[in-house]
Structure formats: structure tokens, C-alpha cells
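Geometric and topological summary
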Amino acid sequence: MFFNGDSSTRKRVDLGGRSSKERDRQKLLEQTRLERNRRLWVKQQNAAALKIQKWFRGRKAVEAEHSRVREQFYGTYGKYCQNVDRHCFGPDSEFLRQLLFFFNAQNNDDFTILVETCRLLLQNIQDSGDIVSLFAGVDYSTKHALVDYRVKQLAFTCIWAIYQNRKQLKDQLVMMPRDSSIMATLLLEAVVLLIDPKLPWACKVVGYLLQRNAFALFREIVLTGKENTRTDNSIRNASPLERILVLMISHIGQNPCICPNIDPQWSFSSQMLTIPLLWRLFPSLKEVFATQDLSQHYIHQMAQCVRNNAYVLPNDVSVECPGVACLLGNVVETAGAALSHADCSFEMAIDLAAVTTFLLGALPPIKSSSPEIKSSSTLDEDDMASPDEMEIVLNKDLEQQIAHAIHSRFLLQLKLSDNRYFVFKQTSVLFGEISMVSSSKHGLDDKEVAAIGAACAFLHVAFNTLPVERMMTVLAFRTELVPVLWNFMKQCYENKKWPSLPEQLSYLPGDAPGWLLPLAVFCPVYKYMLMLVDNEEFYEQEKPLSLKDVRCLIVILRQALWQLLWVNPIAHSNSVKIVKNTSAYNGNPVESIKQRVGLVASELLSQLQDWNSRRQFAPPSDFHADGVDDSFISQAVIDGTKANDIMKRAPFLVPFTSRVKIFNSQLLAVRQRQGSHGVFTRNRFRIRRDHILEDAYNQMSALSEEDLRGLIRVSFINEFGVEEAGIDGGGIFKDFMENITRAAFDVQYGLFKETSDHLLYPNPGSGMIHEQHLQFFHFLGTLLAKAMFEGILVDIPFATFFLSKLKQKYNYLNDLPSLDPELYRHLIFLKRYQGDISDLELYFVIVNNEYGEQTEEELLPGGRNQRVTNENVIPFTHLVSNYRLNYQIRLQSSHFMRGFQQLIKKEWIDMFNEHELQLLISGSLDSLDIDDLRIHTNYAGGYHSEHYVIEMLWEVLKVSWKTYTKIYKAENNFSRFVTGCSRGPLLGFKYLEPLFCIQRAGGTASEEALDRLPTSATCMNLLKLPPYRSKEQLATKLLYAINADAGFDLS
């Protein structure tokens, strides 16, 4: 056959490398799989249709049978039970069998029959008084199975009927009815009758109701009924619903008992205790629940759920009433009574701590609404949670119920049985056990460690959630928390072993450091105590801890902080502020609590450093970490490094001299960025010496923030109106800064006042002297900042309570002696007064006396009518000190701080405490270090270190100076004469820029040259010294020159 052009017979080639047979096989397999799935789906459809049809036919048959039995029931007993008598309830009657079979709660006729049945049941029992014989006849034992079945079905049917018709019966559900014939009352009274614990079937009936989740039905019934119920605090009888709940919860846990164990999700705790303010509706139920055995049973049940991480709570009632908050409020309100029992067990307190810790951790922070607490608060603002941390807002009544757990009256009577004192009773029980265990000399045992873990976990979460002020007061001064925790920590530290706290109690992994939780609780409480103790108590009486123990505590805190911030640093944050409402069961509780401990330990160690600055009891090196070196200092100025983070969180771990170097390097970096050492100067001041303050204010106030960072050059005009000689290379500006600060901060000007120790603070009455006093304070803040910015030391001694305002810190009672020692003594007298303070007729007011004008200010709203008593004397003393130290000078301090922060950032001075800040401003109070100056001096013009004139100069300055000084502050004046500053550099003359230099003046030692006075060029730190022939001549000429105060004319 010849080729005809058809290529179809040609063999096909698959360029993919597979044969056509393989491709067809895969396609066939896929088609087969799809067909199989389709057949399976059709089969499932048919099976589902058969089930639906079967169920439908069954339901139709049941409904038909229900209708048949119902009609039969009507024919026998009547549609309204008119033919029912006592015998109808017996075992041989069909009455209950038929009724329970066809009953439909949504059928009005059936519901009416059930109500009538309950009425007849109650009437028959009232007449005969024997319910057992009514249901069982003469012999219950032979027919108990049938009787028990009918009784439990009848009880549940009554509850189910109310549940199904709860909206129609909402006005009859909760309160005690005045008419006993009300439908809901008849049904509930019947249930009360059927579950009487004296009856032989009580246990079986209650167990059956629990299996049918009766508490879930009761929950919905109560929630529906409470909406139409007004709470009545008057004494009243318990409602039928309340009596049912009392009988059911009382039955649980009693012996002998054969009730089945039910899912905790359907228990009384989960379903009923999560109803908001349950005890307001059922006060009798509250009394029963608060009994020792019942509360212990249910709290243990809840604790088991918590430890098994089982969340069994129903849906929240509303956004304002979350289930955890409702459960917490109801448990807290009753647990205090249980804890007050003499036989309250340690295990009970442990379980309660576990439950409340879990529930508190799930809540947002709750703030105190008390004006007295807010006004008298001695806690820093950072100790409070900010508004943006509030995820939800609780119902006010619910919030109040929880907050009442720390009611202030607990301060007086720890052993009261009032439920509102639950928090501290629990802590007292736990720490009572710890104290007992601690008294042994066998070291720490498991029971003590468990108590520490439970109590610390509970208190840590409570601090983050509840109003802390009242809590701190009670824990600090009415419990043994601080000494017990300290003994535990001290023992662990001395043994060099911190036990791991039980994971189920502390909510921390087993490998978490054992010191985390104790420090998280100890630090804020002890810090609060330090705010309230006075100087005599801390230094002389050594309360609350001995000074030896405080030194040990400093070491523990220092090591903990170094571990947290350097060795194993916690995650860096853009903000140093730590979020407070950390749940105990959040995803990473260890990281959260590490951040918390880093914050509170840093605050406490900073406070201890302040106490050490007032009166030294420990060497400064106790506060310093060992790992600070030059590499650390170089990293500290770089954002994001561990060293920089330490400087923000715990700067006191770094020695003072190292911090000064870091501070100076930060200033130098800013000056270099601003080009402040450039050739051209935009800002030139012409200052009249006799109007230095006014001229400086007018010219400096006109400068922008950028101009203030730049160079300022000054020309002085003397009293004759002539510009003084000399070109300002920096020295005249230094002289200007010293003169302006001396004039501006002079108390005669009226902006500042002096304490008894001659320390300066803003004059509270400055507005009565200067109309623009606040603008002047802003200017003075800028002036001081400019001096620090340029590295110029000024001799201005500020009061520490005013310096704290530059750091935006709060002043406390312990700062008051520096302002008003007499007022401080009076307040301490009140604090320790043993009699009735109300007899002293003191009120929450304070009297101001400024320039003869007396005014009276209220310390609290309505303070004129609020008498000081033994209960509120502590808040009174702190309100008074707050007024004097903070409130009176708030405006002046605020404007001063704003001016200051134009040049000096807050984060820079936060590295220093108030005493160190004074050194930054004024330098050391010690006399001029002549040896240090001599080591770091250069020579020019033919002078050298061994020249006879130089030898005479050093001898005059160091040895013979006092012979010639008499009334002059010669050393300070000499420093001012040659450098422009009366005090030397803070870290020594090594850091003077440029180094001090002595230059020969006058050429040869002619008589004309020897008559000349020494001169200086302060811009170059240069002393021009003629070659005098004797020490007496040199000393006389030098003294005259430095004390002439002739400006720069001598140059």
C-alpha cells in the first residue's frame, strides 16, 4: 500500500517520558475513586433519610400515644384533677404514671394539671404529715424502686416546667410570695417537699436532679427572675427556690451519700456561683454555704478544676459581669467566714489561694473609688494600672463586692468574722502556718514552700488587680508578711539554694527561679513600709528590718536585678513601664513576672539607696554590680543594648563616677550634633552687671530650644556703662553663669526660700511678689539646665525634695524634716499617740501663712468636717506632708522642670538620685584637691614643674594659704579666677577641658613686672603668673587679684 498522507497510524511519542498506558491507568484510578465516593455519599443520604423517617414516625407515634393517654387521664381524673384524691399518689394508681408520661411543659393544660397536682400533694401532706405512706402505701421497702422513680421524675418535671415557662413566671421566681397559691410557688414548694433530707429517697432524687443538670436550669431561672427583683436588705423568710438550693448544696458531700460525681461544668460552683451578686438574692443560702464543711467541699472542687486547667464556667451574663468576676465575688464574700473558723485547715487556705489566684488573674485591674484613698495614696502613679490596660469595665456593684474583701476596718480587728476581710484572713492562715514551720530549725520543708508559693501567687495577682492602697496598709502593718517572707528569703540566700515553688500553686514552671514570686510580693510591701516609717524607726529602732538585714537585702536585690537585666535579660521594651494586669495563666507567665520583679526590685533598691544617702549604713559599693567596665560604659550610650537598658531600669547598679562619664558623653554627643563648638556664634548677650537678672531673662527667654543648645557669648557692661575688656572664649560666659545663678536663686529676690539647713526650694508665695513668677521659674529651670549642659558647676544647694521634682518623683513624710522639722515632730507625735486622737480636735485642713496672710485649705473634700481619729491618722500625716512637699510648690516646680527639660532630658538625670544630682549641679562639697590639680597641670613661658615660682605657688595653695585667707573662701575663689567655676570638675581636674596651665607673665623679674597682678584667661583655664621672689609676695598679689571682683578689667 502506498502512502496516502494520513499520519494517524504513526506511533505517538509522549515527550513527558510516560507511556500512554500509564497515563490511562492513572485516569482510570481517579475516575474509580470519584465513583466510589459518590456511591458512599448516596448511601449516607439514604441512611440519613431512613433515620429521619424513623424518628419522625416514632415521634408521631409517641405524640399519638401521649394524646391517647392524656384523654384517658382526663376521663379518669378530670381535666382539672377534680377526681383526684389521696390514693391517686399511691404505687397502685395510674395517676402519676400517666401524668409524667404525657406531660408537655409548653402545653398550658398540662402545666395547669401539674400545678394542681402539686397543690393537692401539699394539701394532703399538710393534712396527714406522712409523705412516705402517701407515695409508697404501707410498705416502702417492697416498692421503693417504683416510688423512687416516680418521686424523682415528679421533682424534675416541676423544675423543668418552671424552666420552660420562666419568662411568663418571672415575677414569681426569686422572691418570697405573699400568696401561696401562685403557680411557681406551688411547683417549687413541691420540690422542697420531695428532697427533704429526712426522706429515704432524698439522696436518689438529688442525685437524679444533678444528673439532669438541674443547676443549669436553676441558673436560667434565677437570671430571669432577678431582673424583676428589687433587693431587700430587711430580714425575710427564704423563698422556695432558695430553700431548694439550700437543700441541694447541703446534701452534697455529706456522709453517707451515694450521689454520683457529676461534671464540674454542671456543678453548683460553675452554674450558680457565677450569677452576679447571688448572695443579695439568697442571704440564707449564703449563710449555709459559708459553713466550714460546705465551703471547703466546693472550694476544693474548684481548686481541682483549676489545677487540671479545666475551664468549666458557663457563658458570661454580660460584658460587665464576666463569670470569673461573679464567681470571685461570691466566693470572696463567703470565704472569710469559713477562714475565721478555729478549725480552718491549712489545706483549705491553699485551695482558696489557688482558686482566687486563678480568678483574680483573669480580671482587669480594679481601681479604688474612695476619694480618701486616692488623695492619701503614697504609691507612685506607675504602681497603678493605666486606663488603657482596662480590657473590660466591671459592673460597679460587682466591683464593690470584690473590693470589699479589703475593707479598711480590717485594720482594727483581724479576727472578725466579717466576710469582707477574706483576703487578709487567708493570708493570715497561710502565714500563720509558715511562721509555725519557720520556727523549726530543720530548714525549709514542703509545707512551708507550698504556703509561700500559694500566698505569693495569690498576693502577686491581687496586687495587679485589686486596689492596692488598703491592701498594702493591712499587709504591711497588720500581718507578719514582711518578716516571714524575709526570713524565708534570707534562709534561702544563706543556704545558697532557692527551692522551686509548686507549679500548681505558683502557676510558674518548675524550672522558674524560686526567688521570683517572693520578690514580686516582698518588694512592693516593704517599699510601702519604707514610705511610712520615720527616720528614728528605720535608723535607731531598726524597724521593720535590722540594718544588717537591709544590707543583706541590698545584695539579694542587686544580684536578682543583675541576673534579670544582664545575665539573662528580659525582653527589651520600647517603654520601661511594665503592664501590670498579668494573668497567672497567660501564655508566658515567667517573662511577665520577670518584668514585674525587675520593676519592683529596682524601685525598692532605689529607695534603699535614698535611705543610705540620708544616713549611710552601707558602703556605696554594696549597690554596685561587679560587671561594670569601660566596655559597659561605651555600650550604655547606645539605645537597645543591655547596658543602656540597665541605665534606664537600674542605674544604681553602676558606680556614680561611671554614670557621670555616661552623662558627660551624652551631653558631648548632643553638643557635637548641634555644632555648639562652631566658629560662628549667633547669640551674643550684652549684660549690665547691676541688672544681670533682668537682662539675662529678657535675652535668654527670646531664644529657641535649638539656640539654647548653641554657643552663647557674653559682654559685660560695668556700672559706668562701659563694656568690660576681654573677649569671651568661654570664660566670660562661665563668669556670667555663676553671677546670674547667684542673683536669681538669692532668697532676697523672693522666688526661692531657705530651709533651716540653708537649702533652696521654691517659695510657695512667689506669686504674691512677682506677677510673672511662673515664667521666671521656667527661665531659672532653663538657666540651670544650660549650666549643666555646658559642664559649668554652680554653687546652689537645693533641697532634696525639690530636686525630686526634676525627676518627677513624689515626696513622702521622710522628706519633711528638711523643710519643716517642727511640723515633722508634730506629725510623728500624732503617729505614735497612744490616746484618743479625736480628743485633740484636729480636722483634715491645713493653715497657710504667707507674708502675714492666713488661709485654710482642705486636705480632702469636706475636710473641714472630717475629724482626725486613730483610724485615719496615718492618711492625715501623709496628706499634710504631701501638701507641704508636693502640692504647695506644684506650679513652681512644674514650670521649673519644663524649662530644665528643654536642655536636659529626664532620662539623663534619672540615672542619679537627688543627692547625686546635687553633685552634678554643684560638684563636691570637699575643698579643692590641690594635689589632683598639680598632677594635671601644664606649664608654658619658661615655667616647669620644678621651677621655684611653681613650687612656691603649690606651697601657698596647699600649706600657707590659711595664713592669708582669713575670711575669704580663697580656694573656691582661686578656682573661679582661673577656670570661671568656683568648684573643680566633678571627676577631678583630669577632665578639665583644656587642662589647667600656668604661663609666665612679665618676662624678666623686673620691679615693674613684679608689681603686676596675676591674670587669667578662663576660656583656656590659663593662669598668667609673674615670677615673684617670695611666697609672701605671691600670696598677697594672688589674693588681691582673685578677690578684687573687678570683672575682666585686670586681664
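Residues numbered from 1 in each chain as written. Predicted model: local features only at pLDDT ≥ 70, side-chain atom pairs only at ≥ 80, totals over all residues. Heavy atoms only, no water.

**Regarding the UniProt feature "active site" (unreviewed entry) in the protein**
Mapped onto this structure's residue numbering, the UniProt feature "active site" (unreviewed entry) falls at C1019. In this structure, C1019 sits in the loop between β9 (1015-1017) and β10 (1022-1025). (UniProt positions renumbered as here; feature names shortened; annotations may be inferred. Helix = DSSP H or I, 4+ residues; strand = E, 2+ residues; numbered from the N terminus.)

**A few points about a nonpolar patch on the surface**
Taken together, M768, I769 and Y851 make up a surface patch of nonpolar side chains, about 310 Å² in accessible area. With respect to the element layout, M768 can be found in the loop between β4 (760-762) and α33 (773-789). (Patch = residues over 30% accessible without salt bridge, like charges linked within 9 Å, V, L, I, M, F, W, Y side chains within 5 Å. Areas by Shrake-Rupley, 256 points an atom, 1.4 Å probe, with all protein chains shown as cover. Salt bridge = Lys/Arg side-chain N within 4 Å of Asp/Glu carboxyl O.)

**Some thoughts on the packing of aromatic side chains**
One pass over the full model with this rule turns up 50 aromatic pairs. With a centroid separation of 6.2 Å and an interplanar angle of 55°, the aromatic rings of F752 and F798 are classed as tilted. Here F798 lies in the loop between α33 and α34 (800-806) and F752 lies in strand β3 (residues 752-754), a separation of 46 residues in the sequence. An aromatic cluster of at least three residues, connected via ring pairs, comprises F73, Y77, F89, F95, F102, F135, Y140 and W201. For the cation-ring pair, R212 lies above F156, with the distance from its terminal atom to the ring centre recorded as 4.0 Å. In this structure, R615 is placed above the aromatic ring of Y539, and the distance from its NZ or CZ to the ring centre is 4.3 Å. (Phe/Tyr/Trp six-rings, centres within 6.5 Å; stacked < 30°, edge-to-face > 60°. Lys NZ or Arg CZ within 6 Å of the ring centre and 35° of its normal.)

**Quick notes on the packing of helix α5 (residues 144-164) against helix α7 (residues 202-211)**
Direction vectors running N to C along α5 and α7 enclose 45°, while the axes themselves pass 9 Å from each other. It follows that α5 is oblique to α7 by the angle criterion. Considering only the axes of α5 and α7, their crossing is right-handed. When α5 is examined against α7, the residues H144, D148, V151, K152, Q153, A155, F156 and I159 are found in contact with a partner set consisting of K204, V205, Y208 and L209. Looking at the contact of α5 with α7 residue by residue, the classes come out as seven nonpolar, two polar and three charged. (Axes fitted to C-alpha atoms, helices over the stretch in contact; angles between N-to-C directions. Parallel < 35°, antiparallel > 145°, perpendicular 65-115°, else oblique. Left-handed = near helix turned anticlockwise from the far one by under 90°. Contact = heavy atoms within 4.5 Å. Nonpolar A, V, L, I, M, F, W, Y, C, P; charged D, E, K, R; others polar.)

**Here we look at the confidence of the model for the protein**
Mean pLDDT over the protein stands at 82; residues scoring 70 or higher make up 83%. Low pLDDT, under 50, characterises residues 573-586; the predicted model gives this stretch 34 contacts beyond four residues in sequence or across chains. (pLDDT = per-residue confidence, 0-100.)

**Let's talk about unusual backbone geometry**
At the junction of K543 and P544, the peptide bond is cis and its omega measures out at 0° in the coordinates. Structurally, P544 can be placed in the loop between α24 (535-540) and α25 (547-567). Residues other than glycine seldom take positive phi values, yet H758 does so here, at roughly 65°. Mapped onto the elements of the fold, H758 is located in the loop between β3 and β4. Unusually for a residue other than glycine, N1021 sits at a positive phi of about 55°. Tracing the sequence through the fold places N1021 in the loop between β9 and β10.

**Description of the nonpolar core**
In a soluble, globular protein the nonpolar side chains are often hidden away together inside. Counting residues in hydrophobic clusters, the biggest one holds 280 residues, and the most contacted among them are F135, F218, Y526 and F736. Tallying contributions element by element places helix α23 (residues 516-532) first for this core, with 14 residues. Residues within four places of F135 in sequence aside, it is in contact with F89, G90, P91, L96, L121, V147, V151, L154, L194 and W201. Within the second largest apolar cluster, 28 residues are counted, among which are L933, V978, L1025 and L1034. (Core = buried A, V, L, I, M, F, W, Y, C linked by side-chain atoms within 4.5 Å. Buried < 20%, exposed > 50% of the residue type's maximum accessible area, 1.4 Å probe, protein only.)

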